[in-house]
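# Secondary and tertiary structure notes
Here are the chains, one letter per residue:
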Amino acid sequence: MTSPDGTIAEFKDASRTLDQNSAQWPYLQGFSEQLEWVVNGVKCKLSKDEWKDILTAAFEGETMPRIAQGFDGGVVMLGRRTSKYGKKKFSVWMEWIIAAATLKGIKPVYKNQRQEEF
């Protein structure tokens, strides 16, 4: 088999599935509702998206953070994107977030009872 001139074959892990993506949100919602975190020196509740930024940074080992200059000065830490994870890495991420939730006593928050059964 040959390919047309100028094309490149790329082998990579399959992207995470929509079901995998959906599985993280009850845990992130649990963190959001059940745990306060220190921000700017004050304990407060965070959104599930903010928790995703904190937890993915921890999952990645908090190494080589992406820090940008703010629009009007200051500093902004750029979040990680789980949408870039392949199926295997996302599976490891889910195991990690479940363990982190267990460690902090966080229960996942499901939208309905049917999801909770899975």
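Within each chain, residue numbers correspond to sequence positions counted from 1 in written order. Predicted model: local features are reported for residues with pLDDT of at least 70 only, side-chain atom pairs are reported and counted for 80 or more only, and whole-chain, interface and lining totals are derived from all residues. By convention in this description, side-chain values take in all heavy atoms of the structure and omit both hydrogens and water.

To continue, consider the overall build of the chain. By the criteria applied, helices consist of DSSP H or I runs no shorter than four residues and strands consist of E runs no shorter than two, each listed in order from the N terminus. When its secondary structure is counted, the chain shows four helices and four strands. Written out in order from the N terminus, the α and β elements of the chain read α-β-β-α-β-β-α-α. Counting only C-alpha atoms, the chain reaches 60 × 45 × 20 Å along its principal axes. Per-residue accessibility, obtained with a 1.4 Å probe over protein chains only, is compared with the maximum for each type, and a residue is labelled buried under 20%, exposed over 50%, and partly exposed between these values. Looking at the chain as a whole, 26% of its 118 residues are labelled buried. Accessible surface area values rest on a Shrake-Rupley calculation with a 1.4 Å probe, where residue burial reflects the displayed protein chains alone. As displayed, the chain offers around 9,000 Å² of accessible surface, 54% of which is attributable to carbon and sulfur atoms. Charged residues are defined narrowly, with Lys and Arg counted positive, Asp and Glu counted negative, and His plus the chain ends left uncounted. A charge is said to be at NZ when it belongs to Lys, at CZ for Arg, at CG for Asp and at CD for Glu. On the chain, the mean spot of the 17 positive side-chain charges and the mean spot of the 15 negative ones are 1 Å from each other.

Let us now look at the pairing of strand S4 (residues 75-78). Pairing analysis gives four bridges linking strand S3 (residues 66-69) to S4, with the strands arranged antiparallel. Paired with Gln69 across the bridge in S4 is Val75. In this scheme, strands are said to pair when DSSP sees at least two bridges between them.

Further remarks concern the environment of Pro65. Note that Pro65 resides in the loop between helix H2 (48-59) and S3. The class for Pro65 is partly exposed, based on a relative accessible area of 36%. Along the primary structure Pro65 and Glu50 are separated by 15 residues, whereas in three dimensions their C-alpha atoms are 15 Å apart. Residue contacts are counted whenever heavy atoms from the two residues lie within 4.5 Å of one another. When near neighbours in sequence (up to four residues on either side) are disregarded, Pro65 contacts Met77 and Arg80.

What follows deals with the packing of aromatic side chains. Stacked, tilted and edge-to-face pairs are distinguished by plane angle, under 30 degrees for stacked and over 60 for edge-to-face with tilted covering the rest, among Phe, Tyr and Trp rings (Trp via its six-membered ring) whose centres lie within 6.5 Å. Counting across every chain of the model gives seven aromatic pairs. Note on Phe31 and Trp51: the rings are 5.1 Å apart at their centroids and 40° apart in plane angle, and the pair reads as tilted. Taken together, the residues Phe31 in helix H1 (residues 18-34) and Trp51 in helix H2 connect sequence positions 20 residues apart. We note that Phe31, like Trp51, is buried. Linked through ring pairs, Phe59, Tyr85, Phe90, Trp93 and Trp96 together constitute an aromatic cluster.

A word on H2. What a helix is expected to span follows from its residue count: subtract one and scale by 1.5 Å. With twelve residues, H2 extends 16 Å between its outermost C-alpha atoms, agreeing within 8% with the 16 Å of an ideal straight helix rising 1.5 Å per residue. If you check which residues of H2 are buried, you get Trp51, Lys52, Leu55, Thr56, Ala57 and Phe59. Along its buried surface, H2 packs onto H1, strand S1 (36-39), S4 and helix H3 (87-104). Gly61 sits one or two residues past H2 and shows a positive phi near 85°.

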